[in-house]
Amino acid sequence: MVNLPHSTMAALITNLLALTTLFLRLTSATKDDLHYVSPLVGSTAGGNVFAGASLPYGLAKPVADVDGQNTGGFSTDGSNVTGFSHMHDSGTGGNPSMGQFPLFPQYCPDNGVDNCKFGKAARATHYVDGSVTARPGYFGLELVNGIKAEMTAARRTAVYRFTFPEARAEGGVMLDPLILVDLTDLWESRQNASIRIDAETGRVKGDGTFLPSFGAGSYRAYFCADFAGARVRDSGIWVNDRAGSEPKELFVTRGFNNFYLQAGGYVTFARPDDGVVTARVGVSYVSSEHACSNAEAEVSDPVKDFEILEKAAVSAWSEKLSPIKVTSGGVSDGLLSSFWSGIYRTMLSPQDLTGENPLWESDEPYFDSFYCLWDEFRAQLPLLTIIDPQTQSKMVRSLLDTFKHEGWLPDCRMSLCKGWTQGGSNADVVLADAYVKNLTGIDWELAYQAMVNDAENEPLEWSYEGRGGLQSWKKLNYIPYLDFDYLGFGTNSRSISRTAEYAYNDYGIAVVGKALGKEDFTKYLSRAGNWKNLFKADQKSFLENGTDTGFTGFFQPKYLNGTWGFQDPIACSALASWCSLTSNPSETFESSIWEYLFFVPHDMASLIKTLGGPDSFVKRLDYFHTSGLADISNEPVFLTVYEYHYAGRPALSAQRSHSYIPRTFNASNNGLPGNDDSGAMGSFLAWSMMGLFPNPGQNVYLIIAPFFEAVEITHPETNQTATIRNINFDPTYRSIYIQSATLNGKPYTKNWIGHEFFTQGMTLELTLGDQESDWGTSKEDLPPSLSDTIAQNEMQM
């Protein structure tokens, strides 16, 4: 035995403890965090999330449909289950999306088929409180009648396991389980549909024409259902409240004077000893035969494959979430659940429909369910760029292939249909973001052609593609109030928000054009400043009670002749009334003039100067966030939380993010402030908690302290791991302000960082304190702005 001096022994013990701590942290940072994901976060109070089973970007999305908040199919609002359907979107808002061909299991009194409950209202049944179980790849609940429903999913196939309790008629005869198929969707938008039942096998095939929930035109969906685990006794069709075993086919239209006919098919079974009847439902946009092929290829034995499919889904989700690891530092499980659930929801949509697009033939990927790029470009798609760049590249290629075959980049798209354009042509921002972050496999010459098409050519129907008002945009350098636009047609409103968004869209075109050596990039760079043409320097703002907000200078609508119109700056805010395309259309879309005033992402330095300088800007931004004007439930507010960085006050961005998280974002069923918008809310939360926030279309991530002790992001293509680590981390969040920082061990004072942080695997260490410091406050530490870049270039000439 060797006797060591006390000092040496103490040093060894200290080093051993340090190594042990490091090991525990690494263990924490590399464990599978999928168990924190709760698909029920946002399943009520307007979150509209899809709570059922799905693979990442999968088409098949089975869940229970309810008669309450059913935009995503299911809600924990205590409403009744009306069926179990196979296709859904997540967080779309507005009309319920998809939910075609629901199944509904039941017993019929005395085994009389006409005693069954066929219509939605008649069959609606409450679920047992506390019976709902939702996790990645699985959803289940029990109805109050004792029937248990479980479901899982392959990519284009839903599998259901219905467990029927033993039940007998009054005479002691065993009741036969019955499963009906309803030729409807959640919105009851069906225009026509057909169904065919094989009497021998019980296979049910069908199709229907439906309307998109937020777009133009119609689409046709197909299904193929097979049943297993029980012997088929009988089958047939039903219309309204009556049914019969003959015939085995049915075609149904919408009905007289749009009266909605309820109709479908049914199959009855001899109850098996275990009471379990399994249903396998393949879905497709191509044909019923294609739906059958999907099901047969993905699920050979639905009885035996149920657990296998669930495990495969867990594996797929684990792989997709694996680039991110956190060392929690003692934060609550609720915060971890909120964080991981938010990331999970960013991969529910858009949906990968490659091979399911009947509109054109192509070898390129096809993605659908962009609800909408106006929502997704700000945080969701930039998040996928760092954690799933291969899929994000495929999405960009899909957008370009849509342009190639339909003539326009989508702004919103769902179920093979063109969705309504909300503001500008925001695919331009998505493409610019992909370019500056070096996404691979993209035809950039085609991309630039598509972007220029948005800026130069006005479509006949700019309500669902391209831009309207381009004559005025080119001649007057703004979109006029009550514009005279005879080239194309759309909702003649949103002149302020369209002006602000077109300016940023053109900035994105200029960025890509300059990099590609295009001579016309300067034209779009000039148009990027058009937002200034709607700024009215003497415009005041008053609250509804007449109180002066104390701020002067706001956007205002302007007529064709250059004279000013008027919109109350607080109109369409959280303090006033909601404004959208269909409800109270105004000169700003889903947002107020107060909020849109902060939408100059590419030239914040010029905006801050226009509003009186950094101090004045900070006061205005503070008032916006504390007065009730800011609407955290909608996407235009996202970047405003972090715009303090541009005024040299990054500590206030940290403070503001903590004012919203976890107050309005948490792990409860009502844990979202509003509609999730295809994962937009989840991605805002994830970025905020990771300590970085993107300014999309630019190589800029704004830095605050992460909500965890450390976050690691391994880039899936370069395999390099970027690390953000807090020194003096405080899980109670009293110390959230960065005092100093190092990047790869060297002092770092900029309050932003570029995408190379992820691709090269840098390490950013942030020393925290409980007071605002001077870190990141100097002019040279601020994020770049267009006007600063132009000024620097002019000085160098």
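Along each chain, numbering runs from 1 in the same order as the chain's sequence is written. The predicted origin of the model limits local features to residues at a pLDDT of at least 70 and limits the giving and counting of side-chain atom pairs to 80 or more, whereas totals for whole chains, interfaces and linings rest on all residues. Only hydrogens and water are set aside; all other atoms, that is, all heavy atoms of the structure, feed into the side-chain values.

Novice: Honestly, the overall build of the protein in this entry has me stumped. Any pointers?
Specialist: Helix and strand definitions follow DSSP, with helices as H or I runs of at least four residues and strands as E runs of at least two, each counted in order from the N terminus. Scanning the protein for helices and strands turns up 20 helices and 32 strands. A compact globule built from 797 residues would reach a C-alpha radius of gyration of about 28 Å, and the protein, at 28 Å, matches this within 12%. Principal-axis analysis of the C-alpha atoms gives the protein an extent of 95 × 90 × 55 Å. Only protein chains enter the accessibility calculation, which uses a 1.4 Å probe; a residue is then buried when its area is under 20% of its type maximum, exposed when over 50%, and partly exposed in between. Out of the 797 residues belonging to the protein, those deemed buried represent 62%. Calculation of accessible area relied on Shrake-Rupley with a 1.4 Å probe; when residues are assessed, cover is drawn exclusively from the protein chains displayed. Per element, the accessible surface of the protein, about 28400 Å² overall, is 51% carbon and sulfur. Here Asp and Glu are counted as negative and Lys and Arg as positive; His is not counted, and neither are the chain ends. Lysine's charge is taken at NZ, arginine's at CZ, aspartate's at CG and glutamate's at CD. One finds the centroid of the 60 positive side-chain charges in the protein at a distance of 2 Å from the centroid of its 91 negative side-chain charges. C-alpha atoms define the radius of gyration, and 2.2 Å times the number of residues to the power 0.38 defines the globule rule.

Novice: What is the right way to read the sheet that holds strand β18 (residues 324–327) from this model?
Specialist: Hydrogen bonds between backbone groups are what pair the strands of a sheet, and the pairing can be parallel or antiparallel. Any two strands between which DSSP finds at least two bridges are classified as paired. Judged by pairing direction, the sheet is mixed, and its six strands sit side by side in the order β18-β27-β28-β32-β29-β30 without closing on themselves. Two strands in the sheet have a free side with no partner beyond their single neighbour: β18 and β30 (746–747). The pairing of strand β28 (residues 721–727) with strand β32 (residues 763–769) spans five bridges and is classified as parallel. Considered in β32, the bridge of Ile-727 is made with Thr-767.

Novice: Just to check I follow, could you spell out the sheet that holds strand β25 (residues 692–694) for this structure?
Specialist: Ordered by their spatial adjacency, three strands build an open sheet running β25-β26-β31, and the pairing between neighbours is antiparallel. Since the sheet does not close on itself, it has two edges, and those belong to β25 and β31 (752–753), each with one partner. It only takes one pair of heavy atoms within 4.5 Å for two residues to be counted as in contact. Whenever a helix is involved, its axis is fitted only over the stretch in contact; in every case the axis is a line through C-alpha atoms, and angles between N-to-C directions fall within 0 to 180 degrees. Contacts from helix α18 (residues 680–690) reach β25 and β26 (701–703), with the element oriented near 135° to β25.

Novice: Just checking my understanding: could you explain the UniProt feature "domain: Glycosyl hydrolase family 92 N-terminal" (unreviewed entry) in the protein for this structure?
Specialist: UniProt positions are given in the numbering used here, feature names are shortened, and annotations may be inferred rather than shown by experiment. As recorded in UniProt, the feature "domain: Glycosyl hydrolase family 92 N-terminal" (unreviewed entry) lies at residues 36–284. As a span, residues 36–284 carries 2% helix and 41% strand, and end to end its C-alpha atoms are 32 Å apart.

Novice: Please explain the state of the cysteines as it appears in this structure.
Specialist: Linking two cysteines covalently via their sulfur atoms produces the bond known as a disulfide. Cysteine sulfur atoms are paired as a disulfide whenever they come within 2.5 Å of each other. One pass over the full model with this rule turns up four disulfides. Linked covalently through their sulfurs, Cys-108 and Cys-116 form a disulfide whose S-S length is 1.8 Å. Negative torsions about the S-S bond denote left-handed disulfides, and the value of about 100° found for Cys-108 with Cys-116 makes this one right-handed. Under the relative-accessibility criterion, Cys-108 is labelled buried at 4%. Here Cys-572 is linked by a disulfide to Cys-579, with a sulfur-sulfur distance of 1.9 Å. Torsion about the S-S bond of the Cys-572 and Cys-579 cystine: about -75°, corresponding to left-handed handedness.

Novice: Just to check I follow, could you spell out the UniProt feature "domain: Glycosyl hydrolase family" (unreviewed entry) in the protein for this structure?
Specialist: Per the UniProt entry, the sites bearing "domain: Glycosyl hydrolase family" (unreviewed entry) are residues 291–770 in this numbering. Between the C-alpha atoms that bound residues 291–770 there is a distance of 59 Å. The span itself is 37% helix and 13% strand.

Novice: What should I look at first to understand the packing of helix α7 (residues 380–387) against α18 in this one?
Specialist: In helix packing, the relevant descriptors are the interaxial angle and the interaxial distance, both defined with respect to the helix axes. Packing of α7 against α18 leaves a shortest axis separation of 8 Å and a crossing angle of 55°. Looking at the two axes, α7 sits oblique to α18. As for how α7 packs across α18, the hand of that crossing is left-handed. Residues Gln-380, Pro-382, Leu-383 and Ile-386 of α7 form the contact with α18, whose participating residues are Ala-680, Ser-683, Ala-686, Trp-687 and Met-690. Any angle between 65 and 115 degrees counts as roughly perpendicular, while under 35 counts as roughly parallel, over 145 as roughly antiparallel, and the rest as oblique. It is the rotation of the near helix from the far one that decides the hand of a crossing: anticlockwise by less than a right angle makes it left-handed, clockwise makes it right-handed.

Novice: Is there a simple way to think about helix α10 (residues 444–456) in this case?
Specialist: Think of an α-helix as turning once every 3.6 residues; residues three or four places apart then point the same way. Multiply 1.5 Å by the residue count of a helix minus one, and that product is the helix's expected span. Taking 1.5 Å of rise per residue, 13 residues should cover 18 Å, and α10 covers 18 Å from first to last C-alpha, within 8% of that figure. Within α10, eleven of the 13 residues are buried, which leaves it mostly tucked inside the rest of the structure. Every buried residue belonging to α10 is among Trp-444, Leu-446, Ala-447, Tyr-448, Ala-450, Met-451, Val-452, Asn-453, Asp-454, Ala-455 and Glu-456, and all of these are buried.

Novice: Got a minute to help me understand the pairing of strand β8 (residues 157–163) in this structure?
Specialist: Each regular strand carries side chains that alternate between the two faces of the sheet. Of all seven residues in β8, six are buried; the element is thus mostly enclosed. Relative to β8, strand β7 (residues 148–153) runs antiparallel, the two sharing six bridges. Bridged to Lys-148 within β8 is Thr-163. Connecting the antiparallel pair β7 and β8 is a turn made up of three residues. As judged from the seven bridges shared by β8 and strand β17 (residues 276–284), these two strands associate in the antiparallel manner.

Novice: Can you walk me through a nonpolar patch on the surface in this structure?
Specialist: Taken together, Phe-484, Tyr-486, Leu-487 and Leu-560 make up a surface patch of nonpolar side chains, about 420 Å² in accessible area. Take Tyr-486: it is sitting in the loop between α11 (470–476) and α12 (495–515). A patch consists of residues exposed above 30% relative accessible area that lack any salt bridge, with like charges linked at up to 9 Å and nonpolar side chains (Val, Leu, Ile, Met, Phe, Trp, Tyr) linked at up to 5 Å. A pair is scored as a salt bridge if a Lys or Arg side-chain nitrogen falls within 4 Å of a carboxyl oxygen belonging to Asp or Glu.

Novice: In this structure, what is going on with unusual backbone geometry? I would like to understand it.
Specialist: Comment: phi is negative for the bulk of residues other than glycine, and the bulk of peptide bonds are trans. A cis amide bond, omega 0°, links Glu-246 with the succeeding residue Pro-247. For the peptide bond that leads from Ser-349 to Pro-350, omega is 0°, which places it in the cis range. Turning to its location among the elements, Pro-350 is positioned in the loop between α5 (333–345) and β19 (351–352). Non-glycine residue Leu-482 carries a positive phi angle of around 55°.

Novice: Sorry if this is basic, but what is going on with the domain arrangement of the protein here?
Specialist: Splitting the protein by domain gives domain 1 (34–319) and domain 2 (323–796). Boundaries between domains were set according to an automatic or database domain assignment. The C-alpha-based centres of domain 1 and domain 2 are spaced at 38 Å. Domain 1 puts 50 residues into the contact, and the matching count from domain 2 is 51 residues. When domain 1 packs against domain 2, the two sides together hide about 3800 Å² of surface, and 59% of this comes from carbon and sulfur. When two components associate, each loses some accessible surface as probed by a 1.4 Å sphere; the sum of these losses over both components is called the buried area. When the buried area of domain 1 at its contact with domain 2 is split by residue, Tyr-36, Tyr-57 and Phe-214 rank highest and sum to 25% of it. At the surface where domain 1 touches domain 2, the tally comes to zero salt bridges. What qualifies as a polar contact is a pair of N or O atoms within 3.5 Å, subject to a donor-acceptor requirement within protein and to the restriction that residues adjacent in sequence count only when both atoms come from side chains. On the surface where domain 1 and domain 2 come into contact, there are 31 residue pairs in polar contact (both at pLDDT 80 or more).

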